[in-house]
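# Structure at a glance
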Amino acid sequence: VQLQASGGGLVQAGGSLRLSCAASVLTFSDYCMGWFRQAPGKEREFVAAVSWSGGSTFYADPVKGRFTISRDNSKNMVYLQMNSLKPEDTAVYYCAAGKKEAPIITVVRGDLEVWGQGTLVTVSS
């Protein structure tokens, strides 16, 4: 599995961004997917995860109600819609794939098969 994230940028507080992640894998629907982020001087943290079909999602408390993770298995894509952005959302965002056929909770716990490269999101106050 190879992952390519895009969509980061500079946005004002209260604004929105949509991150995209393209996966190069034959059976994308066999993998739960997630987004993580790492702010300057902090450890990488879980943001959101989505199940194989997209029917189940998990979110970290700081982003609940503001971020939405989704996937399109026909395009091998996973997305993170980020609304009502705050300066504390500033970070490098990484998409990640869980292990093949492993349940979504393993992504939430950080038990991952592969990381994509990061995309920087900067939220100005």
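Scroll up to find the structure this text is about.
What follows concerns the overall build of the protein chain. Counting its secondary structure elements, the protein chain contains one helix and 11 strands. The order of helices and strands in the protein chain, counted from the N terminus, is β-β-β-β-β-β-β-β-β-α-β-β. Referenced to the eigenvectors of the C-alpha coordinate spread, the extents of the protein chain come out at roughly 40 × 25 × 25 Å. Considering only intrachain contacts with a sequence separation of at least 6, the fraction spanning at least 24 residues in the protein chain is 60%. Total accessible area on the protein chain stands at roughly 6200 Å², and carbon and sulfur atoms take up 48% of it.

Turning our eyes to something else, we now look at the nonpolar core. Ranked by size, the top nonpolar core spans 40 residues in total, and within it Trp 35, Leu 80, Met 82 and Tyr 93 carry the most contacts. Residue contacts for Met 82: discarding those within four places in its chain leaves Gly 15, Ser 16, Leu 17, Leu 19, Arg 66, Phe 67, Tyr 93 and Val 121.

Let us now look at the state of the cysteines. Applying the stated criterion across every chain, the model contains one disulfide. Paired through a disulfide, Cys 21 and Cys 95 show a sulfur-sulfur distance of 2.1 Å. Judged by the sign of its S-S torsion, about 55 degrees, the bond between Cys 21 and Cys 95 is right-handed. In this pair, Cys 21 sits in strand 3 (residues 17-24) while Cys 95 sits in strand 9 (residues 91-98), placing the two residues 74 residues apart along the sequence. For Cys 21, a relative accessible area of 1% puts it in the buried group. Distance from the sulfur of Cys 32, which forms no disulfide, to the nearest cysteine sulfur (Cys 21) is 14 Å.

Once that is clear, we can look at unusual backbone geometry. Non-glycine residue Asn 76 carries a positive phi angle of around 55 degrees. You can see Asn 76 is positioned in the loop between strand 7 (67-72) and strand 8 (77-82). With a phi close to 50 degrees, Ser 84 is a non-glycine residue in the positive phi region. Along the chain, Ser 84 falls in the loop between strand 8 and strand 9. Given the relative accessible area of 41%, Ser 84 is considered partly exposed.

Parameters and conventions
Residues numbered from 1 in each chain as written. Predicted model: local features only at pLDDT ≥ 70, side-chain atom pairs only at ≥ 80, totals over all residues. Heavy atoms only, no water. Helix = DSSP H or I, 4+ residues; strand = E, 2+ residues; numbered from the N terminus. Contact = heavy atoms within 4.5 Å. Areas by Shrake-Rupley, 256 points an atom, 1.4 Å probe, with all protein chains shown as cover. Core = buried A, V, L, I, M, F, W, Y, C linked by side-chain atoms within 4.5 Å. Buried < 20%, exposed > 50% of the residue type's maximum accessible area, 1.4 Å probe, protein only. Disulfide = S-S within 2.5 Å.

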